[in-house]
Amino acid sequence: MVSMKDISTACGVSIATVSKALNDHKDISAKTKEYIRQTAREMGYFPNSAAKALKTKRSYNIGVLFAVDDQSGLTHDYFAHVLDSLKCTAEAKGYDITFINGSSIRPNKMSYLEHCRYRGFDGVVIANTHFERPEVFELVQSDIPSVTIDHVFNNVSAVISDNVKGMSDLLRYVYRKGHRRIAYIHGADSSVTRSRLTSFYKTAAELGIEVPDEYTGEAAYRNTDAAHAETERLLGLKNRPTCILYPDDFACFGGINAISERGMKIPYDISVAGYDGIRIGRHFEPKLTTVKQDTKRLGQSAAEKLINLIERPRTTIIEQIIVEGEVYPGGSVGEVHRQNGP
């Protein structure tokens, strides 16, 4: 293994000068610095991560807590893109990422916090889990820098999709298409669901839309069977809705199947809209109307905020970073021509 001493001998400079060049110190010339770095590359030198950790007191490793109930893992249509952006941003800044075991079976039954300390993580991103669990709360209350995605804890930085504006924009888009009988199948209880549901009711009130109790129902995120069943219930109403909003694009497919099974056509007989903007929704006809979330910025912002907390803890503000999405019109929401009323 090539050492800094070997490089110093080859370059005819001191070990201290080699160290300064490799660590980009400013008290040596750019020409000398480049010469030493080029020599190091040609000799196949790689810095020793253990030695670097001893010097900087960092492991340059970030933990990611990510667990989903449907076992989709890293194939999750939405979070896969968020985590890819997180990974690329962290790696560009010299950090590796390691996933924290999110299952109930962990080595020696370690808690999330114990696992993070065992791995020596510099910080942790909590991307998706049961945030109400005591061991998650224990982790965010510890001295390990942490950032959450789409969930807010006190005194912890969070990167959040603008679910309030996203739902409001979607409902207003549907309203402009002439729809007044609009149903909403929302996800299971979570901060995301509460934000979207409150925004749905608030925007409906502002637009003068009446929302009967039977026009709302629950289906867990990405659960096509539950969305199918709720759609069947809505289609069976005497005064059925002209448009149904779904908790996410994937769940919407279950609703589309229920509609198709009744011989109905989208958007001619009924309109539908999803949420998230997953790619597959743009590859069939009619293209799915949805709210396209900015997954690249979500992952990038989470990584940048966490690394700032790690490297500049005294000057990095604990804050909520709100990331807006945008309505993707698609073609699954049709026009309703109204003769009377607003």
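Because the structure is predicted, anything quoted here is derived from the model rather than measured.

1. Overview of empty space enclosed by the protein
Inspection of every chain in the model, using the stated rule, returns 3 cavities of 30 Å³ or more. Lining the largest cavity, in full, are S161, D162, G166, Y275, V291, Q293, D294, V323, E324 and G325. Its residues assigned to classes, the lining of the largest cavity comprises 3 nonpolar, 4 polar and 3 charged. Considered as a void within the structure, the second largest cavity measures approximately 40 Å³ in volume. The wall of the second largest cavity is formed by H76, D77, Y78, R222, D248, D249, F250, D276 and I278.

2. Looking at the nonpolar core
Ranked by size, the top nonpolar core spans 39 residues in total, and within it F200, L245, Y246, I259 and V272 carry the most contacts. Elements that contribute at least two residues to this core include exactly α8 (163–176), β6 (182–186), α9 (191–207), α10 (224–235), β8 (243–245), α11 (249–261) and β9 (271–273). Looking at this core element by element, the count peaks at 6 residues for α8. What I259 contacts, discounting residues up to four positions off in sequence, is T231, L235, Y246, M264, I266, I270 and V272. With 26 residues, the next largest nonpolar core counts Y60, V64, L86 and I149 among its residues.

3. Description of the environment of Q320
Tracing the backbone shows Q320 in strand β11 (residues 320–323). We classify Q320 as partly exposed; its relative accessible area is 46%. Remark: the alpha-carbon pair of Q320 and F153, spanning 167 residues in sequence, is separated by 9.8 Å. Those residues in contact with Q320 that lie beyond four places of it in its chain are V152, A158 and I160.

4. Regarding the sheet that holds strand β7 (residues 216–218)
Pairing is parallel in the open sheet, where 4 strands are placed in the order β7-β6-β8-β9. Taken across any chain shown, the strands that pair with only one partner, and hence form the sheet edges, are β7 and β9. Sheet twist, expressed as the mean angle between neighbouring strand axes with direction ignored, is 20 degrees. Both β6 and β8 contribute to a ladder of 3 bridges, which runs parallel. Looking across to β8, one finds that A183 is bridged to I244. Running at roughly 170 degrees to β6, α9 makes contact with β6, β7 and β8 of the sheet.

The rules we used
Residues numbered from 1 in each chain as written. Predicted model: local features only at pLDDT ≥ 70, side-chain atom pairs only at ≥ 80, totals over all residues. Heavy atoms only, no water. 1 Å grid on protein atoms, 1.4 Å probe; cavity = no way out; pocket = protein on both sides within 12 Å on 5 of 7 lines; lining within 4 Å. Points joined across faces, edges and corners; volume = space filled by probe spheres on them. Nonpolar A, V, L, I, M, F, W, Y, C, P; charged D, E, K, R; others polar. Core = buried A, V, L, I, M, F, W, Y, C linked by side-chain atoms within 4.5 Å. Buried < 20%, exposed > 50% of the residue type's maximum accessible area, 1.4 Å probe, protein only. Helix = DSSP H or I, 4+ residues; strand = E, 2+ residues; numbered from the N terminus. Contact = heavy atoms within 4.5 Å. Pairing = 2+ DSSP bridges. Axes fitted to C-alpha atoms, helices over the stretch in contact; angles between N-to-C directions.

In short, shape yes, function no, at least from these values alone.
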